[in-house]
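Each chain, letter by letter, is given below.
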Amino acid sequence: MKKDVILPESEIQKQFEYMSEVKTEVGTGKKVFIKTFGCQQNEADSEKLLGMAEKMGYCRTETSDDADLIIVNTCAVREHAELKALSISGGYKHCKEKNPSLIIGICGCMVSQEHRVSDIKNKYPYVDFLLGTTLIHRFPEILLKTIREKKRNFWISPETSVIAENLPVSRVTGSTEAWVSVMYGCNNFCTYCIVPYVRGRERSRNPEEVIKEVKQLISDGVKSVTLLGQNVNSYRPESSPDYGFPELLEDLCRLDGECVIGFMTSHPKDASKRLIDVIAAHPPAKGKVGISRRFHLPLQSGSDRILKKMNRHYSLARYLELVDYMRSKIPDVSVTTDIIVGFPTETEEEFLQTLEAVKRVRYDNIYSFIYSKRKGTAAAEMEGQIDEEVKGQRLRRLIALQSEISKENNSRLENKQIRALIEGVSKTCPEKLTARTEDGKLIHFDGRKEDVGKHGIFLIEKAECHELFGRLLKTEEV
Ligand code: SAH
Ligand code: SF4
Ligand code: F3S
């Protein structure tokens, strides 16, 4: 396997020089707008793109209408995500007509695929640059080149697997939560998935860098940090090969301050009992760094035959054993999952096995997806692609089952008292605030904005499938 490449300081320095040059070139008062699709990894990348843009003199705007630089950070995981990104990018044509000096760039997973690059080159002449996921640290360079040379640039190179430390970051998550990538890329090649082709090979940041970043976040008042990686269980830094994800969690829990550390995503083939023991030993607590009680463990299918065809490397029995162990060690754990319906050749009987698995585990939430054919992946070439109508029906049946389970699980919380972190204004009812429980559930309540960032004790008055409604009984002073 190729060695991890931590970019030398001098390479990053060069990008900082390009940032100053762009700043001189564009002057002051310019605005940047970023539209992000996809997972938290992409959100974290957008925070870096924004951080670099701010160093280049741009300030953030929330609409594309008054922007001087528009970036679309795309996702390729399902066709729907790509179509949305293409349609949004198409809509920016009129912005360019109004403001010919506007620069439009497309980044992210979609443009790390050759066929999409040629589509955009030919059909979207007003797009000025494309930048692949593994090259985002070179954003200042491509922007400078695009502005100075007044020509289009297309840089994609998913085979490059580097780690760029110390890039500027402009957090968009608010003052209480933050994303921290611990590793990049994926080596698993699940047969349905595009991610390994667009994010490059697995590479882990050195623990010292991760610890330094989390320490700083905690001292800045961040109360909830989510560690990101496509498969955090294969976290293995080049500098210390005996050090893995459980060790990283233990080191983070030694930091001073109060914070809940969560992580996404765990692959069942690599999630170990040791990891579960470490989580069990470090519950979130007042004045301490602890580990979130939410465990996201993607199942994908309840059929062993389909799991094998997906190249997942675990059986349903091994998965259930892990969940049982987790529940025995962490009784308050909230288990969530991802499920794909309509994978090629999936029979009605195999789909029923998925429903049975969902009933057996009784997840707190599931993210369910209709299988989407991805060009270049093994499953796209498989015989036995499932009819769209059948896939749609299976999805609806799965969602209906999970809604019942989530509602029943949540209703057990009614009339109970729960500790939660007050996060901010509710996105669904703007007259209310929201708080996040230690296992990731959302509580809507009436409260005062001054309490954002504090922990509170809530009485749960009503439970729905996806959210709780409660009353704030008291706040803890920080
Ligand atoms: N690395 C993570 C997930 C990355 S993608 C993991 O392994 O769990 C997030 C989810 O999207 C996957 O868990 C899967 O359920 C879904 N997904 C990925 N490719 C898909 C495809 N081609 N069609 C439908 N869903 C897909
Ligand atoms: Fe995709 Fe599988 Fe890698 Fe997750 S582990 S990103 S599903 S290939
Ligand atoms: Fe999408 Fe790329 Fe994430 S394909 S799900 S944005 S890793």
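Residues numbered from 1 in each chain as written. Chains lettered and ligands numbered in written order. Predicted model: local features only at pLDDT ≥ 70, side-chain atom pairs only at ≥ 80, totals over all residues. Heavy atoms only, no water.

## Let's talk about the sheet that holds strand 6 (residues 129-131)
Then, in step 1: Read from one edge of the open sheet, six strands run 3-2-4-5-6-7, paired in parallel fashion. Edge positions in the open sheet fall to strand 3 (59-60) and strand 7 (153-155), since each of these has one partner strand only.
Then, in step 2: The sheet strands contacting helix 2 (residues 40-55) are strand 2 (31-36), strand 3, strand 4 (69-74) and strand 5 (103-108), and the helix crosses strand 2 at an angle near 175°.
Then, in step 3: Along the sheet face, helix 6 (residues 139-149) touches strand 4, strand 5, strand 6 and strand 7 and points at about 165° away from the line of strand 6. (Pairing = 2+ DSSP bridges. Helix = DSSP H or I, 4+ residues; strand = E, 2+ residues; numbered from the N terminus. Contact = heavy atoms within 4.5 Å. Axes fitted to C-alpha atoms, helices over the stretch in contact; angles between N-to-C directions.)

## Points about empty space enclosed by the protein
Think of a ball as big as a water molecule: rolled over the atoms, this probe shows where empty space is left.
Then, in step 1: Overall, the coordinates contain three cavities of 30 Å³ or more when judged by the stated rule.
Then, in step 2: The space that makes up the largest cavity amounts to roughly 190 Å³.
Then, in step 3: Considering every element that reaches the lining of the largest cavity, the biggest residue donor is helix 2, with three residues.
Then, in step 4: Its residues assigned to classes, the lining of the largest cavity shows seven nonpolar, five polar and four charged. (1 Å grid on protein atoms, 1.4 Å probe; cavity = no way out; pocket = protein on both sides within 12 Å on 5 of 7 lines; lining within 4 Å. Points joined across faces, edges and corners; volume = space filled by probe spheres on them. Nonpolar A, V, L, I, M, F, W, Y, C, P; charged D, E, K, R; others polar.)

## Thoughts on the site of ligand 3
Then, in step 1: G38, C39, N42, C75, A76, V77, C109, R199 and Q230 make up every residue found near ligand 3.
Then, in step 2: Split by residue class, the shell around ligand 3 holds five nonpolar, three polar and one charged. (Near = heavy atom within 4 Å.)

## Side note on the packing of aromatic side chains
Then, in step 1: Per the counting criterion, the structure on display carries 11 aromatic pairs.
Then, in step 2: Each ring, one from Y235 and one from Y243, has its centre 6.5 Å from the other, and the planes form 65°; the classification is edge-to-face.
Then, in step 3: With relative accessibility at 0%, the residue Y235 sits in the buried group.
Then, in step 4: Measuring from centroid to centroid gives 5.5 Å for F263 and F295, while their planes differ by 90°, and the two rings are edge-to-face. You can see F263 sitting in strand 13 (residues 259-264) and its partner F295 sitting in strand 15 (residues 294-296), a full 32 residues away along the chain.
Then, in step 5: The buried category is assigned to F263, whose relative accessible area is 5%.
Then, in step 6: Above the ring of F37, the side-chain terminus of K35 is found at 5.5 Å from the ring centroid. (Phe/Tyr/Trp six-rings, centres within 6.5 Å; stacked < 30°, edge-to-face > 60°. Buried < 20%, exposed > 50% of the residue type's maximum accessible area, 1.4 Å probe, protein only. Lys NZ or Arg CZ within 6 Å of the ring centre and 35° of its normal.)

## Description of the nonpolar core
Then, in step 1: Core analysis: the biggest nonpolar cluster contains 71 residues, and V214, L227, F245 and L249 have the highest contact counts within it.
Then, in step 2: Counting residues per element, this core draws most heavily on helix 12 (residues 316-329), which supplies seven residues.
Then, in step 3: In terms of domain composition, this core takes at least three residues from each of domain 2 (173-292) and domain 3 (303-310 + 327-411).
Then, in step 4: Contact partners of L227, with chain neighbours within four places excluded, come to V180, V182, V214, V232, F245, L249, L252, I261, G262, F263 and M264.
Then, in step 5: L49, L69, I142 and A164 belong to the second-largest nonpolar core, a separate cluster that totals 30 residues. (Core = buried A, V, L, I, M, F, W, Y, C linked by side-chain atoms within 4.5 Å. Domains from an automatic or database assignment.)

## A short note on the pairing of strand 16 (residues 334-341)
Then, in step 1: With respect to burial, strand 16 is a largely interior element, eight of its eight residues being buried.
Then, in step 2: Side chains S334, T336, D338 and I340 of strand 16 all project onto a buried face; the interleaved residues V335, T337, I339 and V341 project onto the opposite face, where all are buried too.
Then, in step 3: Pairing geometry for strand 15 and strand 16, over three bridges, is parallel. Within the sheet, the bridge partner assigned to H296 lies in strand 16 and is T336.
Then, in step 4: When strand 16 meets strand 17 (residues 365-370), the two strands line up parallel, connected through six bridges. If you follow T337 over to strand 17, its bridge partner there is I366.
Then, in step 5: This β-α-β element, strand 16 to helix 13 (residues 348-361) to strand 17, shows right-handed connectivity. (Right-handed = clockwise from strand over helix to strand, strands pointing away.)

## Digging into the environment of S101
Then, in step 1: With respect to the helices and strands, S101 occurs in the loop between helix 4 (93-98) and strand 5.
Then, in step 2: Assessed through its relative accessible area of 55%, S101 is described here as exposed.
Then, in step 3: A sequence separation of 46 residues divides S101 from I147, and the C-alpha atoms of the two residues are 9.1 Å apart.
Then, in step 4: Side chain to side chain, S101 and N99 meet in a polar contact 2.9 Å long. (Polar contact = N/O pair within 3.5 Å; in protein donor to acceptor, adjacent residues only side chain to side chain.)

## As for the site of ligand 2
Then, in step 1: Around ligand 2, the neighbouring residues are C186, N188, F189, C190, Y192, C193, V195, P196, Q230, H267 and R312.
Then, in step 2: Looking at side-chain class alone, the shell around ligand 2 contains seven nonpolar, three polar and one charged residues.

## Let's talk about the pattern of salt bridges
Opposite charge on two side chains makes pairing possible when the charged atoms of those side chains draw close.
Then, in step 1: Tallying each qualifying case throughout the model produces 43 salt bridges.
Then, in step 2: The salt bridge partner of R116 is D119, with a shortest N-O separation of 3.3 Å. Of this pair, R116 and D119 both sit in helix 5 (residues 114-123), three residues apart, which is roughly one turn of the helix.
Then, in step 3: By relative accessible area, which is 11% here, R116 ends up buried.
Then, in step 4: Across the pair R419 and E258 runs a salt bridge, and its minimum N-O distance is 2.7 Å. In this pair, R419 sits in strand 18 (residues 417-425) while E258 sits in the loop between helix 9 (245-253) and strand 13, placing the two residues 161 residues apart along the sequence. As far as the burial class goes, R419 and E258 line up, both buried.
Then, in step 5: Each of E47, E165, R171, R205 and E213 takes part in salt bridges that share partners, so that together they form one network. (Salt bridge = Lys/Arg side-chain N within 4 Å of Asp/Glu carboxyl O.)

## A short note on the domain arrangement of the protein chain
Then, in step 1: What the domain assignment reports for the protein chain is domain 1 (3-155), domain 2 (173-292), domain 3 (303-310 + 327-411) and domain 4 (417-475).
Then, in step 2: Computed over C-alpha atoms only, the centres of domain 3 and domain 4 are separated by 30 Å.
Then, in step 3: Residue-level contacts link nine residues of domain 3 with eight residues of domain 4.
Then, in step 4: Considering only the surface of domain 3 that becomes buried against domain 4, S334, K407 and N410 emerge as the three largest contributors, covering 63% of it.
Then, in step 5: The interface formed by domain 3 and domain 4 holds one salt bridge in total.
Then, in step 6: Our count for the contact surface shared by domain 3 and domain 4 stands at three residue pairs in polar contact (both at pLDDT 80 or more).
Then, in step 7: For the side of domain 3 that touches domain 4, the element with the highest residue contribution is helix 14 (residues 388-411), accounting for five residues.
Then, in step 8: Classifying every residue of the side of domain 3 that touches domain 4 gives no nonpolar, six polar and three charged. (Buried area = accessible area lost by both parts, 1.4 Å probe.)

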